[in-house]
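Spelled out, the chains give:
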Amino acid sequence: MTISETSPQLDVPQSDAPQLDVFAQLRRGEAAPTWVSDGILRAWDLDATSVVTLIVLSENVTFKVSTGSGEPIMVVRLGRPGYAASTDHIRAELQWVEALRDDAGIPTPAPVRGQGGDFVQFLDDASGARWSAVAFGFVAGSVLEDEGADPAHFHEIGRLTGLLHEHARTWEPPAAFVRFEWDVADMVGPAARWGDWRDADLTDPDRAMLVRAEERAKGILADAGVDHSPDHFGLIHGDLRPSNVMRMSEGEHPLVIIDFDDCGFGYYLYDFAAALTFYEHRPAAREMAERWLTGYQTVRPLSAVDLRVAGAFSLLRRLTMLGWATTHRADALPPDLWDENLPGTVEVGARFLADPEWLTR
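Residues numbered from 1 in each chain as written. Predicted model: local features only at pLDDT ≥ 70, side-chain atom pairs only at ≥ 80, totals over all residues. Heavy atoms only, no water.

**Re the sheet that holds strand β7 (residues 141-143)**
On the basis of which strands lie adjacent, the open sheet formed by three strands has the order β7-β10-β11 and antiparallel pairing. Every interior strand has two partners, whereas the edge strands, β7 and β11 (255-257), have only one. Direction aside, neighbouring strands of the sheet carry axes that sit 30 degrees apart on average. Both strand β10 (residues 245-248) and β11 contribute to a ladder of three bridges, which runs antiparallel. Each bridged residue has a counterpart across the sheet, and for V245 the counterpart in β11 is I257. Against the sheet, helix α4 (residues 154-170) engages β10 and β11, with an angle of about 45 degrees to β11. (Pairing = 2+ DSSP bridges. Helix = DSSP H or I, 4+ residues; strand = E, 2+ residues; numbered from the N terminus. Axes fitted to C-alpha atoms, helices over the stretch in contact; angles between N-to-C directions. Contact = heavy atoms within 4.5 Å.)

Shown next as structure tokens:
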């Protein structure tokens with residue numbers, strides 16, 4: 001599928017998108033394929049001695065660009081063909097990032113415009129498939145997930161998320177701004193954006209238990225009146241987990257939020273659930289949740305209803321990421337988190353059924 005300026009504004013599920021097989025043999029830190037490195041250097045008019053290496057392969061593919069002497073200068077993210085429905089869809093992400101930096105002072109890397117002054121560039125692989133490419137200024141620091149996600153950071157993550165939501169509630173997007181939704185069906189439905197969790201290698205009893213947990217979580221949201229009204233639903237980061245937060249080695253901000261490529265219109269408290277991704281089963285999860293909620297409420301208050309439904313969103317998020325694991329390779333996560341994902345999800349489901357508010361009491 002080739003994305004063009006005139007592509008329809010449709011959401012394309014992952015199952016319909018071309019696979020990332022072209023990068024199947026590439027590992028973190030290795031040099032990018034020639035079509036990637038040449039395309040990036042051309043699109044951003046970089047010196048021919050620049051070096052492009054893989055950072056991570058997940059929903060999309062992220063590369064670091066360094067000078068010939070090894071100094072990092074920017075990060076480029078390739079969007080797989082079909083993930084975004086249009087150029088406007090891709091461009092909207094960077095428009096919001098720029099607004100968050102300019103209007104709300106949210107610490108996040110600055111988008112870098114390429115040829116023609118546009119945020120969005122395109123690279124063609126050997127098969128002729130067209131990949132979108134966007135760039136951000138390089139920031140020096142370490143990813144929280146790689147450090148083990150210290151609970152002490154979650155107060156600041158919650159505070160930054162509160163600022164982000166505060167901006168989203170009042171911001172007037174520019175014309176042609178379009179992003180997908182993160183509704184419940186997009187998280188855990190049969191055509192879930194990142195994969196159906198029911199495809200995981202579960203025992204029949206565990207699968208049945210998780211089905212009960214999912215239904216209970218949906219029921220809690222329905223009983224609480226959580227809907228698409230502005231009180232509950234708006235523009236969110238959508239994947240604000242420790243892999244998308246960096247601890248800075250210098251500068252005025254201790255933490256920086258990265259990777260808004262999954263931002264869209266969803267439930268505000270889904271960002272709470274995303275913050276605990278892959279850690280919900282660990283002993284530190286309750287402290288992470290408490291610190292996040294405390295930090296968030298320094299910016300925006302949360303009601304008793306909000307606290308009651310937060311656990312339901314956390315359960316749905318955990319199922320979402322179990323589905324995610326069915327469509328991703330193991331090196332998308334640190335080995336311990338990958339290995340713990342399936343049994344940890346079963347544990348979270350059982351805890352949730354025993355007490356839906358076990359994370360937030």
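**A short note on unusual backbone geometry**
One non-glycine residue, A149, lies in positive phi territory at about 55 degrees. Judged by its relative accessible area of 2%, A149 falls in the buried class. (Buried < 20%, exposed > 50% of the residue type's maximum accessible area, 1.4 Å probe, protein only.)

**Section: the sheet that holds strand β8 (residues 181-182)**
A sheet is described by the order of its strands in space; here three strands give the open sequence β8-β12-β9, paired in mixed fashion. Lying at the two open borders of the sheet, with one neighbouring strand each, are β8 and β9 (233-236). With four bridges joining them, β9 and strand β12 (residues 264-267) adopt antiparallel strand pairing. In the strand pairing of β12, L235 is matched with F265.

**Quick look at the packing of helix α6 (residues 204-223) against helix α9 (residues 304-325)**
It is the contact of α6 with α9, at a shortest axis distance of 9 Å, that shows an interaxial angle of 140 degrees. By the angle between their directions, the pair α6 and α9 is classed as oblique. As for the relative orientation of α6 and α9, their crossing is left-handed in sense. Residues L210, A213, E214, A217, I220 and L221 of α6 touch α9, and the partners they reach there are R308, V309, A312, F313, L315, L316, L319 and L322. Looking at the contact of α6 with α9 residue by residue, the class counts come to twelve nonpolar, no polar and two charged. (Parallel < 35°, antiparallel > 145°, perpendicular 65-115°, else oblique. Left-handed = near helix turned anticlockwise from the far one by under 90°. Nonpolar A, V, L, I, M, F, W, Y, C, P; charged D, E, K, R; others polar.)

**Quick look at the environment of G266**
Locating G266 in the fold gives a position in strand β12. Along the chain, G266 and A43 lie 223 residues apart, while their C-alpha atoms are 33 Å from each other. Setting aside chain neighbours within four positions, we find G266 in contact with W182, H232, F233, G234 and I236.

**Some thoughts on the pattern of salt bridges**
For the structure on display, the rule yields 26 salt bridges. Put simply, E156 and R159 hold a salt bridge, and the shortest N to O gap is 2.9 Å. Note that E156 and R159 are positioned in helix α4 at a spacing of three residues, about one turn of the helix. By relative accessible area, E156 is classed as buried at 17%. When the shortest N-O distance is used, the salt bridge between R351 and E347 registers 2.3 Å. Here R351 pairs with E347, and both are found in helix α10 (residues 335-354), just four residues apart, close to one helical turn. A relative accessible area of 29% means that R351 is categorised as partly exposed. A single salt-bridge network, built from bridges that share partners, covers D196, R198, E214, E215 and K218. (Salt bridge = Lys/Arg side-chain N within 4 Å of Asp/Glu carboxyl O.)

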